[in-house]
Amino acid sequence: MVHAVALENWQRLHRFCSRCGERTVIAAAGHIRRCPACGAEHYPRTDPAVIMLVTDEEDRALLGRQVHWPEGRFSTLAGFVEPGESIEQSVIREVYEEAGVTVGEVEYVASQPWPFPYSLMLGFTARATSSEVSVDGEEIQEARWFSREDLRAAFESGEVLPPYGISIASRLIELWYGKPLPKPGPPA
Ligand SMILES: [Zn+2]
């Protein structure tokens, strides 16, 4: 299903040749768009993005709230890999840009296709080497350190909404939490 969604998104947004501007045509059952003018073949793209659960020396987790998320929704930090960057460098840069926290050790955990429109989420854990939080205010509205006890209490009181269940963010947070996340409580 996600293969079809990703292909459809790519088809919809790549109708013209990026080399010469001519309208392209579908080939290879949708896996290629070919330019009749210059002969260029265009292939589906996948944009790598990193998503990371950052912990500090007290084993607290750093969760943030994006500017456009509903009040109370916190999740892992994330961002796109930039050209010329390793995915580990991307983790380090994104955490610093979004939350002002420096990280040292970075460890890959798992990936998840995220065809909205055509991303591949690469999940990491990362160890913070600083603890003071300073959000950028543009992408991230707020970021906080949570102990397991803080997070459980915040979920149960409804102060914090858990991440969406299908996302790899949930899995990363659960890996740190050590068991399935508690059920959300009533709205605060
Ligand atoms: Zn062309």
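So, here's what we can say about the structure. Being a predicted model, the structure only gives us computed values, none of them experimental.

## Concerning the environment of D136
Phase 1: The topology assignment puts D136 in the loop between β8 (119-128) and β9 (140-146).
Phase 2: A C-alpha to C-alpha distance of 7.8 Å links D136 and G100, two positions 36 residues apart in sequence.
Phase 3: At a separation of 3.0 Å, a polar atom in the side chain of D136 contacts the main-chain amide nitrogen of E138.
Phase 4: A polar side-chain atom of D136 sits 2.9 Å from the main-chain amide nitrogen of I140.

## A few points about the coordination of the zinc ion
Phase 1: On the protein side, the zinc ion has C17 (SG), C20 (SG), C35 (SG) and C38 (SG) as donor atoms, found 2.3 Å from it.
Phase 2: Every donor counted, the 4 donor atoms about the zinc ion form angles of 101 to 116 degrees at the centre, which fits tetrahedral coordination.
Phase 3: Mapping the donors of the zinc ion onto the primary sequence gives the spacing C-x2-C-x14-C-x2-C. Of the two residues, C17 is situated in the loop between α1 (2-13) and β1 (25-27) and C35 in the loop between β2 (32-34) and β3 (41-42); the sequence distance between them amounts to 18 residues.
Phase 4: Taking the relative accessible area as the measure of exposure, C17 reaches 4% and is therefore buried.
Phase 5: Residue classification places C35 among the buried residues on the basis of a relative accessible area of 2%.

Thresholds, definitions, all that
- Residues numbered from 1 in each chain as written.
- Predicted model: local features only at pLDDT ≥ 70, side-chain atom pairs only at ≥ 80, totals over all residues.
- Heavy atoms only, no water.
- Helix = DSSP H or I, 4+ residues; strand = E, 2+ residues; numbered from the N terminus.
- Polar contact = N/O pair within 3.5 Å; in protein donor to acceptor, adjacent residues only side chain to side chain.
- Donors = N, O, S within 2.8 Å, 3.2 Å for Na, K, Ca; no water.
- Tetrahedral: all angles 85-135°; square planar, octahedral: opposite > 155°, others 65-115°.
- Buried < 20%, exposed > 50% of the residue type's maximum accessible area, 1.4 Å probe, protein only.

Everything listed is a geometric property; what it means functionally is a separate question.
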